[in-house]
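# Working through the structure, step by step
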Amino acid sequence: MNRNSARSACFVHSFVHRRSMHVLTRGTGSTFQIRIPADLVTILGHTPLRTSLGFLPKREAQRRARLLAGQAEIWFTRLRQAREMVGDDEKSFDTSLRSDFASALGELAEAPAERFQSLQEYEAKLKELEQRLQEKEAALALKEKAVVDLSAAAASPAKEESADAAPDEEPSEPSVPLFSEAAAEFLKGKREALGPKSSFVARRELALRAFGDIVGDRPLNEYRSADLQDFVAVVGRLPRDWAKSRRFAGLPLRQVAEANSGLQQPLPFLTTTTVNEYVAAVRTLWRTARIDHESVRPLEKAQLTLPRTLRRPTRREGIEVEHLNLWLAAAAACPRPDDRWLPLLGLLTGARLAELVYLQGQDFRRVGEHWTVDLRTDLTSDNGDPVERQIKTQAGRRVFALHKTLDELGFVEWARRRDGFIFDLLHRAKWPAHTASKRMLRQMKEVGIHLPQAGVFHSLRHTTKAWLREEGRPLGTDKRMENLQVGHALSGIDDHYGWQSLRRKEVERLATLPLLEGLDLSPYRGQVQDADEEPKPRRLARKRRPSRAKKAAPGGR
């Protein structure tokens, strides 16, 4: 038995004889629970799956728990296979998957005892599975030997002629594509599914371009795990902005990494999060390619060591009230509506910048005595046709409350009178959200509160979350209400029951929360701009022509 067979046998044996660690016994009966695997937490959440077994004898409860654990492992495996088909983007999965898992386990746990197989039959099936795995591995070994023999025969002209004359020759595997060809096909399918403007596809394209540049463009079956480790080692020495930097333009990435490492003070390296994202893109491509080409090695299973040069991920925090007052005072004096209102909107709503950029007047809805914004509806194009609203996650497709201050300042009335996008000046650019991000970054730099990767517009979401916790919870808000407001995924299965959007009482609480202590909004008083008003474009200063007297050469009098 080879190493893989022994590993499979150990797994099956340990699975059959696993202790009853899935059973919790209390006064209310026995409960089955199983933790969520680490690689599926982003889809199913951190909370373990639990279901009641009722009042059962200890042995029967343990037996049912073992069978339920086996069924759960099967579902986990199917979910991993589904993820491999769509890639590493968890946004492709519905948030109701967890409730479906829990419901299925509950139905199975409540089934009559006749539907459960005996433990001996279950063990027999697992042993049969082990035997089938061993037979499959033996068949693969024979197939590999046949491929080697066939390659040796192809080297001999005489044997090649005899092989061509054989009438019953099996069709050979399709030619293995080059890495560049496989990457182009892979990205094409992603673009068709997620759209040409998807930032997810753009990041995947950047990662695959880096792999081809560093390791080289070869047929997929010629790559080994050492190539992937070499890729990680080189990427770990690249500067953070290698794709945009003009300093290294035109150089191969291996030379860029060496040049950056050779500097007396190297430019900041990539973070572990970015490198892991690069590796995930390559692994997803390899899983896709191996479906059609058996000779491609499973590089996605390679164990990698990240270089020590990588930076730790940046931890964002909120913005202090003193810094907020500086920023808001500067923003309130801006002539453009987007420059003026976006910082205040981000603070009082917790919405993402891209969500605010695409707001239209029709999105504002009154709920009771207060106003909300509905992101569940489609946008309206200039022609009046509906256009799907692009939202980062399913949890972001929500209704969020507007604080009463925005109504008192006149923003709501102004926004509702706008036709189309309320911040229409941003939509004159090709990428409105990117343009808005640059403008907000410029504002923060001008008032001196910007920190690279840390003190950015997105930090307002952290500030809002802290504000909701500090000021809201004493007045009756809770974590679920906070997540619905800012568009974070609901964590526990119980949070998915009931209403999936803010109700009238919840909107009223959020709209009337006390503002952050010390927050100064006086610069916004009386700053509402009419709907048809538009800031005039800046006119370039014209250079004055020098007078004739000044043109005269020295000493020409």
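Shown above is the structure to which this text applies.
Residues numbered from 1 in each chain as written. Predicted model: local features only at pLDDT ≥ 70, side-chain atom pairs only at ≥ 80, totals over all residues. Heavy atoms only, no water.

## Some thoughts on the packing of helix H19 (residues 479–486) against helix H20 (residues 504–511)
Just so we agree on the cut-off: Note on geometry: axes are lines fitted to C-alpha atoms, helical ones only across the stretch in contact, with angles between N-to-C directions running from 0 to 180 degrees. Strands are runs of DSSP state E lasting at least two residues, helices are runs of H or I lasting at least four, and both sets are numbered from the N terminus onward. Here roughly perpendicular refers to angles of 65 to 115 degrees, roughly parallel to angles under 35, roughly antiparallel to angles over 145, and oblique to all remaining angles. Throughout, a contact is declared for two residues whenever any of their heavy atoms are within 4.5 Å. Throughout this entry, Asp, Glu, Lys and Arg are counted as charged residues, while Ala, Val, Leu, Ile, Met, Phe, Trp, Tyr, Cys and Pro are counted as nonpolar. The remaining residues, Gly among them, count as polar.
Where H19 meets H20, the closest approach of the two axes is 11 Å, and the angle between their N-to-C directions is 80°. When the axis of H19 is compared with that of H20, the two are roughly perpendicular. From H19, Arg480, Met481 and Gln485 reach across to H20, where they touch Glu506, Arg509 and Leu510. Classifying every residue of the contact of H19 with H20 gives 2 nonpolar, 1 polar and 3 charged.

## Let's talk about the packing of helix H12 (residues 321–332) against helix H13 (residues 337–349)
Interhelical geometry of H12 versus H13 gives an angle of 145° and a closest axis separation of 7 Å. Between H12 and H13, the residues in contact are Leu324, Trp327, Leu328, Ala331 and Ala332 and Asp339, Arg340, Pro343, Leu344 and Leu347, respectively. Across the contact of H12 with H13, the residue classes break down as 8 nonpolar, no polar and 2 charged.

## Topic: empty space enclosed by the protein
Filter applied, for reference: We place a 1 Å grid over just the protein atoms. Points where a 1.4 Å probe fits but has no way out form a cavity, open points with protein on both sides within 12 Å along at least 5 of 7 lines form a pocket, and any residue with an atom within 4 Å of a point lines it. Grid points are joined across faces, edges and corners, and a volume is the space filled by probe spheres set on the points.
Taken as a whole, this structure holds 3 cavities of 30 Å³ or more when the rule is applied. Here the second largest cavity defines a volume of roughly 50 Å³. If you go around the second largest cavity, the residues you meet are Ala354, Glu355, Tyr358, Leu375, Leu379, Arg389, Gln390 and Ile391. Among the residues forming the lining of the second largest cavity, the class breakdown is 5 nonpolar, 1 polar and 2 charged.

## Concerning the pattern of salt bridges
Operational definition: What counts as a salt bridge is simple: a side-chain nitrogen of Lys or Arg found within 4 Å of a carboxyl oxygen of Asp or Glu. Exposure is judged per residue with a 1.4 Å probe applied to protein chains only, and the accessible area is read against the type maximum: over 50% gives exposed, under 20% gives buried, and values in between give partly exposed.
One pass over the structure, following the stated rule, counts 20 salt bridges. Here Arg336 and Asp339 are joined by a salt bridge, their closest N and O atoms 4.0 Å apart. The exposure class assigned to Arg336 is buried, which follows from its relative accessible area of 18%. Classification of Asp339 by relative accessible area gives buried; the value is 8%. One network of salt bridges, in which partners are shared, links Arg336, Asp338, Asp339 and Arg439.

## Description of the sheet that holds strand S8 (residues 399–401)
Short version of the rule: A pair of strands is labelled paired if DSSP reports no fewer than 2 bridges between them.
Read across the sheet, 3 strands follow the order S4-S5-S8 without closing on themselves; strand pairing throughout is antiparallel. Both edges of this open sheet fall to strand S4 (364–367) and S8, since each of them pairs with a single strand only. Direction aside, neighbouring strands of the sheet carry axes that sit 40° apart on average. Bridging between strand S5 (residues 370–374) and S8 involves 3 bridges; their strand directions are antiparallel. Note on S8: the bridge partner recorded for Asp374 is Val399. Relative to the sheet, H20 contacts S4, S5 and S8, its axis offset from that of S5 by approximately 105°.

## Considerations on the environment of Ala332
Its place among the elements puts Ala332 in helix H12. On the basis of relative accessible area, Ala332 is assigned to the buried category, the value being 2%. Note: C-alpha distance between Ala332 and Tyr524 (192 residues apart in sequence) is 5.6 Å.

## Description of the nonpolar core
To keep it simple, the criterion reads: Here, the term nonpolar core denotes a set of buried Ala, Val, Leu, Ile, Met, Phe, Trp, Tyr and Cys residues that are joined through side-chain atoms within 4.5 Å.
Counting 55 residues, the largest nonpolar core has Trp341, Leu342, Leu344, Phe364, Phe411 and Phe423 as the members making the most contacts within it. Within the second largest apolar cluster, 40 residues are counted, among which are Phe200, Ile214, Ala257 and Ala289.

## With respect to the side chain of Asp227
We count it as follows: Whenever a nitrogen or oxygen atom comes within 3.5 Å of another N or O atom, the pair is scored as a polar contact, on the condition that within protein one atom can donate a hydrogen and the other can accept it, and that pairs from neighbouring residues in sequence are kept only if both atoms are in side chains.
Take Asp227: it is sitting in helix H9 (residues 225–235). When its relative accessible area of 18% is taken as the criterion, Asp227 is described as buried. A distance of 2.9 Å separates a polar atom in the side chain of Asp227 from the backbone nitrogen of Arg224. Setting aside chain neighbours within four positions, we find Asp227 in contact with Val215, Arg218 and Glu222.

## Thoughts on the packing of aromatic side chains
To be explicit about the condition: Only rings of Phe, Tyr and Trp enter the pairing, Trp through its six-membered ring, and a pair is recorded when the two centres are within 6.5 Å. The plane angle decides the type: under 30 degrees is stacked, over 60 is edge-to-face, the rest tilted. Only Lys NZ and Arg CZ are tested; either one counts as a charge over a ring when it is within 6 Å of the ring centre and within 35 degrees of the ring normal.
One pass over the structure, following the stated rule, counts 14 aromatic pairs. Residues Phe179 and Tyr223 carry aromatic rings whose centres are separated by 6.2 Å and whose planes lie at 65° to one another, so their mutual orientation is edge-to-face. Taken as a pair, Phe179 in helix H7 (residues 179–194) and Tyr223 in the loop between helix H8 (199–215) and H9 lie far apart in primary sequence, 44 residues in all. Using a relative accessible area of 3% as the deciding quantity, one classes Phe179 as buried. By relative accessible area, Tyr223 is classed as buried at 0%. Here a set of aromatic residues connected by ring pairs shows up, and it is made of Trp341, Phe364, Phe411, Trp414, Phe423 and Tyr524. The ring of Trp499 has Arg503 lying over it, and the distance from NZ or CZ to the ring centre is 3.7 Å.

## Observations concerning the pairing of S4
With 4 bridges connecting them, S4 and S5 associate as antiparallel partners. In the sheet register, Arg366 faces S5, and the bridge partner there is Trp371. Between S4 and S5, which pair antiparallel in sequence order, lie 2 residues; one of them, Gly368, sits at a positive phi of approximately 70°.

## Here's the deal with the environment of Met440
In this structure, Met440 sits in helix H17 (residues 432–447). Taking relative accessible area as the criterion, Met440 reaches 1% and is therefore assigned buried. Through-space distance from the C-alpha of Met440 to that of Leu353 is 9.6 Å; in sequence the pair is 87 residues apart. In this structure, Met440 is in contact with Trp327, Asp338, Asp339, Leu342, Pro343, Leu353 and Phe457, ignoring residues within four places of it in sequence.

## Comments concerning H20
For clarity, the cut-off: Here, the arc refers to the directions that run from the helix axis to the C-beta atoms.
Within H20, the full set of buried residues consists of Glu506, Val507, Leu510 and Ala511. Summarising the axial view, the buried residues of H20 lie within an arc of 130°, below the 170-degree limit, and thus occupy one face. In H20, the exposed positions that point more than 90 degrees away from the buried face belong to Arg504 and Lys505. On its buried face, H20 sits against S4, S5, S8, helix H15 (404–408), helix H18 (459–472) and H19.

From the geometry alone we can't say anything about function, so treat these as descriptive.
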